[in-house]
Amino acid sequence: MDTVEKLGILGMGARYDMCGCGRVSEDDYINNGIYRVKTSSGTCSIFKVLLSNECTRDCAYCQNRIQRDIPRTTIAPEDMARLFIQLFRQRKVQGLFLSSGIQPNSSASMDNLIKTAQILRQRYNYKGYIHMKILPGASTAHIEAAATVANRLSINLEVPDAEHLKMLSRSKRYADLAGGMEYISKLRQKGIRISQTTQFIVGAADESDRDIVYATWNLKERFSLARTYFSAFTPVIDTPLENKAPTPLIRETRLYQVDFLFRQYGFTPDQLVFDNSGHLLQDVDPKTAFALHNPQLYPIEINRADYQTLLLIPGIGPISAKRIEAMRRIGKITDPMQLKATGAVLKHLLPFVTINGKYYPSLDAAAKGGQQLTLWDYNAAGNNRAGIISA
Ligand code: SF4
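Residues numbered from 1 in each chain as written. Predicted model: local features only at pLDDT ≥ 70, side-chain atom pairs only at ≥ 80, totals over all residues. Heavy atoms only, no water.

The protein is annotated in an unreviewed UniProt entry as Radical SAM domain protein from Mahella australiensis.

And the structure:
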């Protein structure tokens, strides 16, 4: 098998691992391990590969599980480092995401991941981005060594708790995964400059969104993760889950929205609305769901709301909230178009605000100049909105 063939296999082997700002679609796979990745400042190309897709483990969802009859291959650390640095110097990639199957054991595979990064740092003097996966069962010594060469370390928890993990893997222990995350966090507290992420497979173990949301919250509180990734389960043929239905992408989207509400809007889990199955509502985003279920808090007068209250309004984010505050320092906001100029999304926010005492329940009403709000309008609007959800 030549190197290009190997990279084709090992690049595709890493496709379910998330990095950057989230979902990688089919269109984002360029070739041979090169992925286009969204970041907070745009897009870049990442070399995202496994060192080996050979694995002794049997995780029920995984394309690389031992029982599958697929082409297997491995690239040695020296060769992988050389391949990456060539791509980097040709400006085809801007960073490296490195993971591996477990062969013959976690210790040997972690040795190879760390060696690859050490060669890049020491022999090639590479100073750029390396995101390294910490494999299940890795020792604390391996985590420490990885932290000296990587910018980001991640351990995929996959599921919210030990009970759900038992449904997916006989060999992974939840305590090991959580312990590894705790150890990375301790290294960071000691001043080692690395970031830390994790990933959930959404829907593989019949967990609810509520389970994942509370796990995400607890992880954020305990370890201040740079990111939590959510990957909607996709069945892989020739695995125990091959006949399980794929998870709708909207679940993944809603979980990302919740994570943003936690990180940037100050939301807490008790503010979220779940259906009877414990899932987030699919037909409205989580912030709108909160507003619809709390009609007593709305409409909010845009000229009086403090920053945190502005963030409770659908269609207003941290940037537009700051711009609204700045605009109010100059004078009262009296027209919906002023809000539009802040970047707020008018069609989302209008049903939930008054602007200088006037209520514009829709873009149509805004065009006609809105209506003076009365207590009756307020209550009627609130009741209507609550009714939408309970219908
Ligand atoms: S240990 Fe990793 S690569 Fe191996 S089967 Fe499990 S998820 Fe797949």
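A. Representation of helix α2 (residues 77-89) in the model. For α2, with 13 residues, the first-to-last C-alpha span of 18 Å sits near the 18 Å given by 1.5 Å per residue. Every buried residue of α2 is accounted for by Pro 77, Met 80, Ala 81, Leu 83, Phe 84, Ile 85 and Leu 87. With its phi angle positive at about 60°, Arg 91 sits one or two positions after the end of α2. (Helix = DSSP H or I, 4+ residues; strand = E, 2+ residues; numbered from the N terminus. Expected span 1.5 Å × (residues − 1). Buried < 20%, exposed > 50% of the residue type's maximum accessible area, 1.4 Å probe, protein only.)

B. Region of the structure containing the packing of helix α4 (residues 140-149) against helix α6 (residues 174-189). It is at 10 Å that the axes of α4 and α6 come closest, and there the two elements cross at 45°. Relative to α6, the element α4 lies oblique. Here α4 and α6 pass one another in a crossing that is right-handed. On α6, the residues touching Thr 140, Ile 143, Glu 144 and Ala 147 of α4 are Gly 180, Tyr 183, Ile 184 and Leu 187. In the contact of α4 with α6, the residues fall into five nonpolar, two polar and one charged. (Axes fitted to C-alpha atoms, helices over the stretch in contact; angles between N-to-C directions. Parallel < 35°, antiparallel > 145°, perpendicular 65-115°, else oblique. Left-handed = near helix turned anticlockwise from the far one by under 90°. Contact = heavy atoms within 4.5 Å. Nonpolar A, V, L, I, M, F, W, Y, C, P; charged D, E, K, R; others polar.)

C. A look at the site of the ligand. Taken together, Cys 55, Arg 57, Cys 59, Tyr 61, Cys 62, Arg 65, Ile 102 and Lys 172 make up the full set of residues adjacent to the ligand. With respect to the pocket detection grid, the ligand is positioned in the largest cavity. Looking at the shell around the ligand, its residues break down into five nonpolar, no polar and three charged. (Near = heavy atom within 4 Å. 1 Å grid on protein atoms, 1.4 Å probe; cavity = no way out; pocket = protein on both sides within 12 Å on 5 of 7 lines; lining within 4 Å. Sits in = over half its atoms within 2 Å of the grid points.)

D. Quick peek at the domain arrangement of the protein. Domain boundaries assigned for the protein yield domain 1 (3-265) and domain 2 (286-390). For domain 1 versus domain 2, the distance between C-alpha centres works out to 41 Å. If you look at the interface, domain 1 gives six residues, while domain 2 gives seven residues. Taken over both partners, the interface formed by domain 1 and domain 2 buries close to 510 Å², and the fraction arising from carbon and sulfur atoms is 73%. Considering only the surface of domain 1 that becomes buried against domain 2, Leu 261, Gln 264 and Tyr 265 emerge as the three largest contributors, covering 81% of it. (Domains from an automatic or database assignment. Buried area = accessible area lost by both parts, 1.4 Å probe.)

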